[in-house]
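Here is how the chains run, residue by residue.
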Amino acid sequence: MPDSMDVAATVVAQLAEHVTDVVLCPGSRNSPLAYALLARGDLRVHVRIDERSAAFTALGLARVQRRHVAVVMTSGTAVANTLPAVVEAHMSHTPLAVVSADRPERLLGTGASQTIWQQGIFGRYARTQQVTTLDDATRLDFTEDQVHVNVALDTPLVPDALPERAGEPRRVGPGRLATPPTWVDHGAVDIDLDRDTLVIAGDEAWEVPGLEHVPTIAEPTAPTPFHQVHPLAARFFAQSEVAISHEGGDFAASTKPEQVVVVGHPTLHRDVMALLADPDIEVIGISRTETFTGQPARRGSRARVSGQPSDTWLKICEAAGEVGAQTVRDALADEHYGFTGLHVAAAVADTLAVGDTLVLGSSNPVRDASYVGLPFDGVSTFSARGAAGIDGTLSQAVGIALATQALHPADIRAPRTVALVGDLTFLHDVNGLLIGPDEPRPGNLTIVVANDDGGGIFETLEVGDASVRRDFERAFGTAHGVDVEKLACAYGAGYRRAETIPELLEALMDEEAEPLTVIEAPTTRATRRALAERLRR
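Residues numbered from 1 in each chain as written. Predicted model: local features only at pLDDT ≥ 70, side-chain atom pairs only at ≥ 80, totals over all residues. Heavy atoms only, no water.

**Q** I'm lost on the sheet that holds strand S9 (residues 216-218) in this one. Help?
**A** As a general point, the strands of a sheet are linked pairwise by backbone hydrogen bonds and lie either parallel or antiparallel. Read across the sheet, five strands follow the order S9-S8-S12-S13-S14 without closing on themselves; strand pairing throughout is parallel. Edge positions in the sheet fall to S9 and strand S14 (298-300), since each of these pairs with one other strand and no more. Neighbour-to-neighbour, the strand axes of the sheet open up by a mean angle of 20°, direction not taken into account. Pairing of strand S8 (residues 197-201) with strand S12 (residues 259-263), which is carried by five bridges, proceeds in the parallel orientation. Following the sheet pairing, Thr 197 is matched in S12 by Gln 259. (Pairing = 2+ DSSP bridges. Helix = DSSP H or I, 4+ residues; strand = E, 2+ residues; numbered from the N terminus. Axes fitted to C-alpha atoms, helices over the stretch in contact; angles between N-to-C directions.)

**Q** Sorry if this is basic, but what is going on with the layout of surface pockets here?
**A** Empty space among the atoms becomes apparent when a probe as large as a water molecule is rolled across them. Size it by volume and the largest pocket reaches roughly 930 Å³. Lining the largest pocket are 34 residues, and of these Arg 63, Arg 66, Thr 221, Thr 381 and Phe 382 lie nearest its centre. If you list the elements that add at least two residues to the lining of the largest pocket, you get helix H3 (51-65) and strand S17 (380-383). With four residues, S17 is the largest single contributor of residues to the lining of the largest pocket. Counted by class, the lining of the largest pocket contains 16 nonpolar, 11 polar and seven charged residues. (1 Å grid on protein atoms, 1.4 Å probe; cavity = no way out; pocket = protein on both sides within 12 Å on 5 of 7 lines; lining within 4 Å. Points joined across faces, edges and corners; volume = space filled by probe spheres on them. Nonpolar A, V, L, I, M, F, W, Y, C, P; charged D, E, K, R; others polar.)

**Q** Could you clarify how one ought to interpret the sheet that holds strand S4 (residues 96-102) in this entry?
**A** Across the sheet, six strands lie side by side as S2-S1-S3-S4-S6-S5; this open sheet has parallel pairing. Edge positions in the sheet fall to strand S2 (44-47) and strand S5 (127-131), since each of these pairs with one other strand and no more. Recorded for the sheet is a direction-independent mean angle of 20° between the axes of neighbouring strands. One ladder, built from seven bridges, connects S4 with strand S6 (residues 146-152); its direction is parallel. Within the sheet, the bridge partner assigned to Leu 96 lies in S6 and is Gln 146.

**Q** Help me understand empty space enclosed by the protein in this model?
**A** As enumerated under the stated definition, the model contains four cavities of 30 Å³ or more in all. Here the largest cavity is characterised by a volume of approximately 100 Å³. Lining of the largest cavity is provided by 13 residues; of these, Arg 44, Gln 65, Arg 67, Val 172 and Leu 407 occupy positions nearest its centre. Secondary structure elements with two or more residues in the lining of the largest cavity: H3 and helix H12 (393-406). Residue composition of the lining of the largest cavity, by class: six nonpolar, three polar and four charged.

**Q** It is not clear to me how the pattern of salt bridges should be interpreted in this structure. Could you clarify?
**A** Close approach of charged atoms allows side chains with opposite charge to pair. Within the structure shown, the criterion is met by 29 salt bridges. Of the charged contacts in the structure, one is a salt bridge between Asp 334 and Arg 534, with a shortest N-O distance of 2.8 Å. One end of the pair, Asp 334, is in the loop between helix H9 (311-333) and helix H10 (341-350); the other, Arg 534, is in helix H18 (residues 528-536), with 200 residues separating them in the sequence. Using a relative accessible area of 22% as the deciding quantity, one classes Arg 534 as partly exposed. Two residues, Glu 473 and Arg 525, come together in a salt bridge whose shortest N-O distance is 2.9 Å. With Glu 473 in helix H15 (residues 472-477) and Arg 525 in the loop between strand S21 (516-522) and H18, this residue pair connects regions lying 52 residues apart in the sequence. Classification of Arg 525 as buried rests on a relative accessible area of 9%. Sharing partners across several salt bridges, the network here consists of Arg 195, Glu 258, Glu 282 and Arg 298. (Salt bridge = Lys/Arg side-chain N within 4 Å of Asp/Glu carboxyl O. Buried < 20%, exposed > 50% of the residue type's maximum accessible area, 1.4 Å probe, protein only.)

**Q** How do you make sense of the domain arrangement of the protein when you look at a structure like this?
**A** On domain assignment, one finds that the protein holds domain 1 (4-152), domain 2 (188-326) and domain 3 (337-536). Relative to domain 3, the C-alpha centre of domain 2 lies at a distance of 29 Å. Listed per partner, the contact involves 19 residues of domain 2 and 20 residues of domain 3. Carbon and sulfur atoms make up 55% of the area that domain 2 and domain 3 hide from each other, which totals about 1600 Å². (Domains from an automatic or database assignment. Contact = heavy atoms within 4.5 Å. Buried area = accessible area lost by both parts, 1.4 Å probe.)

**Q** Teacher, can you tell me more about helix H1 (residues 4-16) here?
**A** Residues that lie three or four places apart on an α-helix share one face, since the helix turns once every 3.6 residues. Along its 13 residues, H1 runs 18 Å from first to last C-alpha, staying within 8% of the 18 Å computed at 1.5 Å per residue. Looking only at H1, the buried set comprises Ser 4, Met 5, Val 7, Ala 8, Val 11, Val 12, Gln 14, Leu 15 and Ala 16. (Expected span 1.5 Å × (residues − 1).)

**Q** Help me understand the UniProt feature "domain: Thiamine pyrophosphate enzyme N-terminal TPP-binding" (unreviewed entry) in the protein, please; the structure alone is not making it clear to me.
**A** UniProt's entry tags residues 5-116 with the feature "domain: Thiamine pyrophosphate enzyme N-terminal TPP-binding" (unreviewed entry), counted in the numbering of this structure. Helix and strand shares over residues 5-116 are 44% and 17% respectively, and the end C-alpha atoms of the span are 22 Å apart. (UniProt positions renumbered as here; feature names shortened; annotations may be inferred.)

**Q** Where do I start with the pairing of S17 in this structure?
**A** In this structure, strand S16 (residues 357-360) lies alongside S17, joined through four bridges in parallel fashion. Counted as the bridge partner of Val 359 is Phe 382 from S17. For the crossover that starts at S16, traverses helix H11 (residues 364-371) and ends in the parallel S17, the hand is right-handed. (Right-handed = clockwise from strand over helix to strand, strands pointing away.)

**Q** Would you explain the side chain of Gln 129 in this entry?
**A** Tracing the backbone shows Gln 129 in strand S5. Those residues in contact with Gln 129 that lie beyond four places of it in its chain are Arg 139, Leu 140, Asp 141, Val 147, His 148, Val 149 and Asn 150.

**Q** I'm lost on the packing of H10 against H11 in this one. Help?
**A** To characterise two packed helices, one gives the angle between the axes of the helices and the distance between these axes. Close contact between H10 and H11 brings their axes to 9 Å; oriented N to C, the two are set at 60°. Judged by the inter-axis angle, H10 sits oblique to H11. As H10 runs across H11, the sense of the crossing is right-handed. On the side of H10, the interface is formed by Gly 341, Leu 342 and Ala 345, while H11 contributes Asp 368, Ala 369 and Tyr 371. (Parallel < 35°, antiparallel > 145°, perpendicular 65-115°, else oblique. Left-handed = near helix turned anticlockwise from the far one by under 90°.)

**Q** In this structure, what is going on with helix H5 (residues 83-92)? I would like to understand it.
**A** Burial analysis of H5 places seven of its 10 residues in the buried class, the great majority of the element. Residues Ala 85, Val 86, Val 87, Glu 88, Ala 89, His 90 and Ser 92 constitute the buried set of H5. Buried residues along H5 sit against H3, S4 and S6. Looking at the residues trailing H5, positive phi occurs at His 93, about 55°.

**Q** Where do I start with the nonpolar core in this structure?
**A** By size, the foremost hydrophobic cluster in this structure holds 47 residues, and its most contacted members are Val 71, Met 73, Phe 426, Leu 433, Ile 447 and Val 518. No other element matches H3, which puts eight residues into this core. Looking at which domains feed residues into this core, each of domain 1 (4-152) and domain 3 (337-536) supplies at least three. The contact partners of Leu 433, leaving out residues within four places of it in the chain, are Leu 394, Phe 426, Ile 447, Tyr 491, Leu 516 and Val 518. Residues Ala 347, Ala 349, Leu 420 and Ile 519 belong to the second largest nonpolar core, which totals 33 residues. (Core = buried A, V, L, I, M, F, W, Y, C linked by side-chain atoms within 4.5 Å.)

Following this line, the structure appears as structure tokens:
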């Protein structure tokens, strides 16, 4: 085999043409790659000891940069630990490069330590590019969104002398270094806006020319629409006729849209998704990827529109949306429900400002944020809606905060990033807060933990019904009793506790907060089912 130092240096030189940031995990087999990476002046290296957190940190960086970010690790199960992040990257069409060190092929199947079959380990989620020779190292392909480079390295793994410095420091904006996500063009689809039309915009949605003035139910990660309709209004649109009060008058209106245009990848609300299965509604899908949500009758990547929404239809959608928004406001004002995750989401939303970045955990937080009015114009919002898991949320928040502040190097204080997560999401990835003392750290990241001591979302699902609740707490509620303050302090984060909305608002607006702060908001899930039923009614 060729000298491992030469192979590693060539691989890293290829990386430097496509990435600015690399997350490196310690190990022996990948030490040639580590030496080569740390010798580069044109790469920002972030070191993490946990490969799972490292991969999700890279994914968070890539969400903002819109280009590949690499994560580098040793051989064996270290590679397997990056699979959840690779799956989310694949499902959300986010560029990500996994560079794994491997043992020489002669050691496979011999029982050698930390030796597994790494070629093809990610299956359909990322194709393996095997590097065994120097020629292999010069032919790396970054045209796909998810890249797996598997580098076979033989001993010796340590150079006789440290490699010379290479590359100059650089700063580039989002997506300027390499190809952004690979979009698919499905052509144009004809849409007659004289028909009553509703747009449903999900994750990966964009502002589609021609649909700017169509009433839109938008998920928090979608662009802010001009005619934003509250998601609770979906129950109106499922009915043929509804009595509506608007601007002092009462009237019966036909509220079921004739057609729904789905942009991107919506997933959040059952009532919204039910519209896509209504046989009386034509569904049109608009996507820039190979994925179309639901089973649209017609598909495209661009809209070729004719006509325009009628004043009556616009008023119906506005009125229905106002009813939905007022329903949430009334519920939040009802002291019967106590301090819930929905109250926490409302407080977070009320303190967001233009230029802020928001990271929403899957499960209740992203849905609660939708109910309290997101998306907000001028706020960049991210959530893992590709595979919609809670995996690696804190690590992604750290990566998003680091990438965001790197875009504003001259700012006295880094732009603010706020992450809203539940307690199980926080505990699932608390190791994402493990950042070494010499590593780049977020300069203005606040993590709000809505802590209802367990799985609050299950309270609102079928498993939370009284008829099947006997084993609910053990199998779904999963109370844990963890002391969040001690955890935050153990990882070197600042800590605040907020037991009421005023306390939470004060903590969120504290300009003297530590650069990385955890705010714990102890909430109740005892009323979540009743609250959800009130919103549905």
